[in-house]
Amino acid sequence: MPLQQADMRFARAVNMADVPEGGGPPSAQLLPDGASNTIFPDVREEDRATGRVEIKQVHTVLRNTDTAALLGANVILADLPNDPNVDITLLSTKNPFATRADIVERIEGSMTASVEFAGYLLENHGVGQRSLQIFQRPGAEPPGIGKVYLLIYNEDKPDERRQRVRVKSIDTQQRMVSANTNGALIDFMGQFTTVELFEPLRFAFPGSSASRYFARDPLKTVFRETVYSDSGMFYGASRLAAPASATDSTLQLATIHSRLSPNSRTEAISVDQRPASQRTVLLTDAPRRVEVGVTPHTQRVKIGVANVGQSYVFQLRPLPSPGTVVITYWSMGQRYTVVDDGAGQLTGSGSGLMSYLTGIVPATLKAMPDIGTTVSISWGEALAFTDRRSQGAKVRAPEFAFLLDGAANDGTGTERVVPGSVSLTYTSGGILRTITDNSTGQLQGAGTGVIDYPSRTVLVRPQYMPDSSAQFDIAYQLDSVVTEILTATSPDAGGYIPITLAQQPAAGTLQLQWAVVRSVSKTSGGTLTTINASKNTDVTYSVRGVPEVYEPTATAGAGVNWPRAG
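Residues numbered from 1 in each chain as written. Predicted model: local features only at pLDDT ≥ 70, side-chain atom pairs only at ≥ 80, totals over all residues. Heavy atoms only, no water.

1. Topic: the overall build of the chain
Counted only if it meets this: Per the convention used, a helix needs a DSSP run of H or I reaching at least four residues, while a strand needs a run of E reaching at least two, with both numbered from the N terminus. Only protein chains enter the accessibility calculation, which uses a 1.4 Å probe. A residue is then buried if its area is under 20% of the maximum for its type, exposed if over 50%, and partly exposed in between. Here a residue-residue contact requires only that any non-hydrogen atoms of the pair lie within 4.5 Å. Per-residue accessibility takes into account occlusion by the displayed protein chains alone, with areas from the Shrake-Rupley method and a 1.4 Å probe.
Within the chain, the secondary structure is distributed over two helices and 33 strands. Counting over 566 residues, the chain shows a buried share of 26%. Of all intrachain contacts in the chain linking residues separated by at least 6 positions in sequence, the fraction that spans at least 24 positions is 61%. Split by element, the accessible area of the chain, about 37,500 Å² in all, is 53% carbon and sulfur.

2. Notes on the nonpolar core
What counts here: Buried Ala, Val, Leu, Ile, Met, Phe, Trp, Tyr and Cys residues that are joined via side-chain atoms within 4.5 Å together make up what is termed a nonpolar core.
Counting 18 residues, the largest nonpolar core has F314, I327 and V361 as the members making the most contacts within it. Ignoring any residue separated from it by four or fewer positions in sequence, one finds V361 in contact with Y312, V313, F314, L316, I327, L346, M354 and I377. Core analysis: the next-biggest nonpolar cluster, separate from the first, contains 14 residues, F117, Y149, L151 and V165 among them.

3. Remarks on a nonpolar patch on the surface
Filter applied, for reference: To count toward a patch, a residue needs a relative accessible area above 30% and no salt bridge. Like charges then connect within 9 Å, nonpolar side chains (Val, Leu, Ile, Met, Phe, Trp, Tyr) within 5 Å. By convention in these notes, a salt bridge is any Lys or Arg side-chain nitrogen within 4 Å of a carboxyl oxygen on Asp or Glu.
A cluster of nonpolar residues, L486, I497, I499, L501, L510, L512, W514 and V516, forms a patch on the protein surface that exposes about 700 Å² of accessible area. Within the secondary structure, V516 is located in the loop between β31 (478-480) and β32 (530-535). V516 gets classed as exposed once you look at its relative accessible area, which sits at 51%.

4. Thoughts on the sheet that holds strand β2 (residues 23-30)
Operational definition: When DSSP finds two or more bridges between a pair of strands, those strands are recorded as paired. Between the N-to-C directions of two axes lies an angle of 0 to 180 degrees, each axis being a line fitted to C-alpha atoms and, for a helix, fitted only over the stretch in contact.
Spatially, the three strands line up as an open sheet ordered β2-β1-β3, and their pairing is antiparallel. Since the sheet does not close on itself, it has two edges, and those belong to β2 and β3 (58-62), each with one partner. Shown here is a sheet whose adjacent strand axes are inclined to one another by a mean of 50 degrees, direction ignored. In the sheet, strand β1 (residues 8-15) pairs with β3 via five bridges, with the strands oriented antiparallel. Note on β3: the bridge partner recorded for R12 is V58.

5. Details of the pattern of salt bridges
In this structure the tally under the stated criterion is 14 salt bridges. Linked by salt bridges that have partners in common, D18, R52, E54 and R100 make up one network.

Geometry only, nothing functional implied.
Have a look at this one:
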């Protein structure tokens, strides 16, 4: 009889309940095709809030009397759940009698048992505990936060108990302990590490007593380290992240991971944090933002069974500045904050009235702090910083002087810069800045300075500090410079000398140079100060000089002649 589609069916396990003994061999009940909730129940509201792992075992059966060999069969996950918070993962146990406990062990098998830890479980631990007490030799390395360890009792025996635990936090102390050794009471130092777990213990694990030799009782619980290893193949489905065709050899999926256990932890990134500086004071916004912390002082109270409560009193020295007091504490795994409002009133997740004159802070918390955590308070003094802006070195703003390139750089000055054509750019803080000339020899924009068009000389002062790798990109136009030598004429009655040029000069480009000679004659000692100057449209370059002084030559009946200076 040939194989029909209806001959391949799913059958229920003997126990379909989600309990440790659930699962087992196949039963005679077949799962109906196309029906809802035949394997898993609906998601409850409680499960949406806290998470849940449902593990069920089903079997495939062949309902056909044909004796021909079955060449192969497979099971696929054809469609994903509509709820993004629900994942389905398939696993082949290859054991028709596997129970839920066996499947859990298979899932957790990625963390394989390794060597015994350098410490052991101290005394008995009961079901539901979320912490372990580990006894070690002083100085030994405590359990690592975030690591997975394995508790095993009656290892390799029929009544074996084992559970993998992940460390959430640790608290290590060294103190004196007494033990009976060979009938004598001996005192010695021991290291006690309290380990907080992410999930409670599912079984009771008997521990060993404190030993002078730091040796575990061989009949008690073993505390082992774990190493990661692939525990088997898990199968699932994922949606395509990009379109694919039948000829593609690779596919781009949204994810290749699947959630196997609920996790209420979230990751948060904190950057640019200031230790013990939860309040800051803004000093300035220019040229950059400068803030200083005002909560450099801290106190904390370790919460234990003896002092757990909701009311605490702190004595702050030095006296706190208004608005700088911050109290933080943990309750039920959540962090709460209490701050003062600058008028002595504590607000937030707590209340109280404090005194800035005495430094006494009575605080009443809104929630009971967790045992093993700390209640921390930080505050700042009345003056948390010293203004030293006027005490630093006076540094001038950067200046740059350079000569713009021309077709002939031999000093002949045959080319000049066209006014209004200069554009200079540079980067400061990653931002492009621009400086231009205003056609009258002045630079403007993201800097100041002057430019001499005929000599192509530039003096620039950037308004912003250029970046360390910045360069000046300069764009400008050149024009030919015409030099004409004129024969000097005598000034007219008004002191004017007319000049006639061979061609019309461009506006703002005329530059004149002339020499001045004066003759002085006196009968007594004296000096003459002269100035040699060259003029252009807007810039005057002058050099002051003092000519040589000659002693007067005395001649009877004659005056004193002084040399001419020019």
